[in-house]
Amino acid sequence: MKLLEDRILKDGDIIGENILKVDSFLTHQVDFELMQEIGKVFADKYKDAGITKVVTIEASGIAPAVYTAQALNVPMIFAKKAKNITMNEGILTAEVYSFTKQVMSQVSIASKFLSEDDTVLIVDDFLANGQAAKGLMEIIGQAGAAVAGVGIVIEKSFQDGRALLEAQGVPVTSLARIQEFKDGSIIFAEADA
Ligand code: 5GP
């Protein structure tokens, strides 16, 4: 997605060896116009897949996920990272290792929001080693629902996430794919949309 790649080149900062900071439009401050365009592209790609829910993980997946859900006209559910006393009914959970925080955490979705009748599109901000998406797939599997695909805003193709997800038979649609960080520059691979 050219609009996204241009924005990454303009506003993205490389942190250390393998982290991209995009807090001015995606992970902290949110550019809703860009998110809306992203949502339309994911929705167009999956328009014939019978999607009934969009699922993401808090917090930075929420913005692209909600616009994808709007474009598909289905609900968006975000997995919660901390247990909360208002989650007093059945919950589905998985352990997820956080790439940026470097800790294991339990993520949960209330079981009443997913069922075996659902076909889910997972959306997330970044794909690194695939642990967040894998945890979401576990939760969705516990509900007996199907995963039609994973939509990623920014994939770091030099990490293992895509291979992990594709090995489970799940298609991955990444709107920007970073092949490498080279001498302070961002080199893109061909994106999926
Ligand atoms: P994974 O679970 O695929 O290893 O990592 C994906 C998750 O880690 C995303 O949900 C995102 O929050 C975070 N993440 C991974 N790589 C980056 C990065 O380069 N920049 C930012 N801002 N977040 C990242």
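Above this text is the structure in question.
Below or above, wherever it landed, is the structure these notes cover. None of the values given here were measured: they were computed from a predicted structure. (Residues numbered from 1 in each chain as written. Predicted model: local features only at pLDDT ≥ 70, side-chain atom pairs only at ≥ 80, totals over all residues. Heavy atoms only, no water.)

With that out of the way, let us pick up the site of the ligand. In the vicinity of the ligand, 16 residues are found, and the nearest of them are Leu 20, Ala 128, Asn 129, Gly 130 and Ala 132. In the model, an oxygen atom of the ligand is placed 2.7 Å from a nitrogen or oxygen of the Gly 130 main chain. A distance of 2.8 Å is found between a nitrogen atom of the ligand and a side-chain nitrogen or oxygen belonging to Lys 156. For the ligand, the accessible surface in isolation is 500 Å², of which the surrounding protein chains cover 88%. Elements that contribute at least two residues to the shell around the ligand include exactly strand S2 (19–21), strand S7 (119–127) and helix H4 (131–142). Here the element with the most residues in the shell around the ligand is S7; it accounts for four residues. Residue composition of the shell around the ligand, grouped by class: seven nonpolar, six polar and three charged. (Near = heavy atom within 4 Å. Polar contact = N/O pair within 3.5 Å; in protein donor to acceptor, adjacent residues only side chain to side chain. Areas by Shrake-Rupley, 256 points an atom, 1.4 Å probe, with all protein chains shown as cover. Helix = DSSP H or I, 4+ residues; strand = E, 2+ residues; numbered from the N terminus. Nonpolar A, V, L, I, M, F, W, Y, C, P; charged D, E, K, R; others polar.)

Next up on the list: the packing of aromatic side chains. Per the stated rule, a full pass over the model turns up one aromatic pair. Plain terms: the ring middles of Phe 158 and Phe 181 are 5.5 Å apart, the flat faces sit at 65 degrees to each other, and that makes the pair edge-to-face. Pair noted here: Phe 158 is in the loop between strand S8 (146–156) and helix H5 (161–167) and Phe 181 is in strand S9 (residues 172–182), with a separation of 23 residues, a long-range link. Among the residues examined, Phe 158 registers a relative accessible area of 33% and is labelled partly exposed. The exposure class of Phe 181 is buried, given its relative accessible area of 17%. (Phe/Tyr/Trp six-rings, centres within 6.5 Å; stacked < 30°, edge-to-face > 60°. Buried < 20%, exposed > 50% of the residue type's maximum accessible area, 1.4 Å probe, protein only.)

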